[in-house]
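Now for the letters of each chain:
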Amino acid sequence: MSITTSVPAVTPAAVPPSLGFWAERSACLSVADPEIFFPSESDSQRANRAKQVCAMCPVMDVCLEYAMQVSTLDGVWGGTTAQERKRMRRARRRRSMMA
C-alpha cells in the first residue's frame, strides 16, 4: 500500500504581481514535473534535479531573494532548499548583529 501526499505546486508562477514580473521568465515554469521542486528532506536526488533547473534560470538571484524574504516557502527556490535558506537567514542575522 502506498500513500500519496499532495504537494501544493507553489512555484514562481504564484508570486504576487506586485513583486514584478521576474517569475514569468523563470525556468521552472517549463518543467513538466513541478514536484521536483518539493523533495522530501531526505531526497537529495530530487533536490539536485531542481537545483540544476535553477542553475540555468535567468532570474535565479531574484527568486532566491524572494524566498529569503518569505520564510514560509517550502521547496527549492533560487537554487536552495528550505533548510539551506534557513541557514542563510541565520548567517545574515549574525552578520547584521555584528555590524
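A quick note: this is a predicted structure, and the numbers were derived from the prediction, not measured. (Residues numbered from 1 in each chain as written. Predicted model: local features only at pLDDT ≥ 70, side-chain atom pairs only at ≥ 80, totals over all residues. Heavy atoms only, no water.)

Moving on, we come to the packing of helix α2 (residues 60-69) against helix α3 (residues 82-98). Taken N-terminus to C-terminus, the directions of α2 and α3 make an angle of 75 degrees; their axes are 10 Å apart at the nearest point. Viewed along their axes, α2 and α3 adopt a mutual orientation that is roughly perpendicular. Contacts between α2 and α3 pair Leu 64, Glu 65, Ala 67 and Met 68 from the former with Arg 85, Met 88, Arg 89 and Arg 92 from the latter. Taken together, the residues of the contact of α2 with α3 break down into 4 nonpolar, no polar and 4 charged. (Axes fitted to C-alpha atoms, helices over the stretch in contact; angles between N-to-C directions. Helix = DSSP H or I, 4+ residues; strand = E, 2+ residues; numbered from the N terminus. Parallel < 35°, antiparallel > 145°, perpendicular 65-115°, else oblique. Contact = heavy atoms within 4.5 Å. Nonpolar A, V, L, I, M, F, W, Y, C, P; charged D, E, K, R; others polar.)

Attention shifts here to the environment of Pro 39. Secondary-structure assignment places Pro 39 in the segment before α1 (44-55). The buried category is assigned to Pro 39, whose relative accessible area is 18%. Along the primary structure Pro 39 and Val 76 are separated by 37 residues, whereas in three dimensions their C-alpha atoms are 8.0 Å apart. Setting aside anything within four residues of it in sequence, one finds Pro 39 in contact with Arg 46, Ala 47 and Val 76. (Buried < 20%, exposed > 50% of the residue type's maximum accessible area, 1.4 Å probe, protein only.)

Moving on, we get to the packing of aromatic side chains. For any two aromatic rings, the description comes down to two numbers: the centre-to-centre distance and the angle of the planes. Across all of its chains, the model carries 2 aromatic pairs by this definition. Consider the rings of Trp 22 and Tyr 66, whose centres lie 5.9 Å apart with planes at 55 degrees: the pair is tilted. Residue Trp 22 is found in the segment before α1, and its partner Tyr 66 is found in helix α2; the two are separated by 44 residues along the sequence. Classification of Tyr 66 as buried rests on a relative accessible area of 12%. For the pair Tyr 66 and Trp 77, a centre-to-centre distance of 5.7 Å together with 40 degrees between the ring planes defines the contact as tilted. Placement of Tyr 66 in helix α2 and of Trp 77 in the loop between α2 and α3 is noted, with a sequence separation of 11 residues between them. Through successive ring pairs, a cluster of aromatic residues spans Trp 22, Tyr 66 and Trp 77. (Phe/Tyr/Trp six-rings, centres within 6.5 Å; stacked < 30°, edge-to-face > 60°.)

We now examine the pattern of salt bridges. Counted by the stated rule, this structure contains 2 salt bridges. Residue Lys 51 is joined to Glu 84 by a salt bridge in which the shortest nitrogen-to-oxygen separation is 2.6 Å. Highlighted residues: Lys 51 in helix α1 and Glu 84 in helix α3, separated in sequence by 33 residues. One salt bridge in this structure joins Glu 65 and Arg 92, with 2.8 Å as the shortest N-O distance. With a gap of 27 residues between them, Glu 65 in helix α2 and Arg 92 in helix α3 connect regions that are remote in the sequence. On the basis of relative accessible area, Glu 65 is assigned to the partly exposed category, the value being 30%. (Salt bridge = Lys/Arg side-chain N within 4 Å of Asp/Glu carboxyl O.)

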